[in-house]
Protein chains: 2
Amino acid sequence: MEKIKPEIKDTASVLKLLGDNTRLSIVSLVQNHECCVCEFVELLEMSQSSVSQHLRKLRDAGLVKEKRKGHWIFYSFNREHPSAGMVEDILRHVPDQNEKLQQLERDGLRINCD
Amino acid sequence: MEKIKPEIKDTASVLKLLGDNTRLSIVSLVQNHECCVCEFVELLEMSQSSVSQHLRKLRDAGLVKEKRKGHWIFYSFNREHPSAGMVEDILRHVPDQNEKLQQLERDGLRINCD
DNA sequence: TTATTATATAAGCATATGCTAATATAAAAA
DNA sequence: TTTTTATATTAGCATATGCTTATATAATAA
């Protein structure tokens, strides 16, 4: 639990963002892995534009961070967000989204540019 | 944690419902108290119609139960809902909404028809 | 019965949302 | 430089959302 609880309206805003299947999936994925946009496009079977627009909302709210590496922009969960603890609590109730990610890995389709 | 985690899209639906300040406040209130519609109207300073429409959404989703007592219909949290555990986890991150309820109590405005 | 009270429902409307299609930008490769 | 690749942004549109106003329903009181 955070030392200071965010105001209820701020919490409602976070829940609203998570109340979309695509965004909840994205947040679930980035909780454990850095992912780039093209991976979300693969995993979620959505258009690049649509994924980018969802990512922008998450970034604007501060729930995810981005980091450029060459061509790719990697997104990760922002554990500094005032509601990060709540989001983690929520994600414990969400089925593991890593299976498809591991499939990508097996297929050699994961991006890795360290 | 529930034995079986709901599908991610069902979880997203619940979060979407909670992603509204009015509904999140209602769920926070009914977690600990049975409340009737007129109490929500007082506490949330919203129209009866609007409150009723939010309550209907919560009831349709099974998150709250209703029970008629004479004139009044009392709403309470449905702890049998597949996502009840998650909702309780979320509410731990929400500031206590009972203060205003206690004010109503002091003012003798709470409904009690047992 | 009629009137009152608490609540629900329906219609209408302004705004928000999420998608697609098209275009822009930024980094790397040729 | 030009081209390619990954991503972002914009515009347009159909649908969803949440409110208000008006009306309906259900239980009780007169």
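Definitions and cut-offs
- Residues numbered from 1 in each chain as written.
- Chains lettered and ligands numbered in written order.
- Predicted model: local features only at pLDDT ≥ 70, side-chain atom pairs only at ≥ 80, totals over all residues.
- Contact = placed C-beta atoms within 7 Å.
- Helix = DSSP H or I, 4+ residues; strand = E, 2+ residues; numbered from the N terminus.
- Nonpolar A, V, L, I, M, F, W, Y, C, P; charged D, E, K, R; others polar.
- Axes fitted to C-alpha atoms, helices over the stretch in contact; angles between N-to-C directions.
- Parallel < 35°, antiparallel > 145°, perpendicular 65-115°, else oblique.
- Left-handed = near helix turned anticlockwise from the far one by under 90°.

Examining the interface of chain A and chain B
Right, on to step 1. Taken together, the 24 residues of chain A in the interface contact 24 residues of chain B.
Right, on to step 2. Secondary-structure elements contributing two or more residues to the side of chain A that touches chain B are helix 1 (8-18), helix 2 (21-32) and helix 5 (84-91) of chain A.
Right, on to step 3. Residue contributions to the side of chain A that touches chain B peak at 7 residues, all from helix 1 of chain A.
Right, on to step 4. Here the side of chain A that touches chain B is built from residues that sort into 10 nonpolar, 7 polar and 7 charged.

Considering the packing of helix 2 of chain A against helix 4 (residues 48-60) of chain A
Residues and elements named next belong to chain A.
Right, on to step 1. Two elements in contact, helix 2 and helix 4, have axes whose closest approach is 10 Å; the angle formed by their N-to-C orientations is 65°. Comparing the axis directions of helix 2 and helix 4 gives the class roughly perpendicular. You can see that helix 2 and helix 4 cross each other, and the crossing is right-handed. Contact residues: T22, R23, I26 and V27 in helix 2; H54, L55, K57 and L58 in helix 4.
Right, on to step 2. Looking at the contact of helix 2 with helix 4, its residues break down into 4 nonpolar, 2 polar and 2 charged.

Concerning the environment of A12 of chain A
Right, on to step 1. Mapped onto the fold, A12 of chain A is located in helix 1.
Right, on to step 2. When neighbours within four sequence positions are excluded, A12 of chain A is seen to be in contact with G19, D20, N21 and L24 of chain B.

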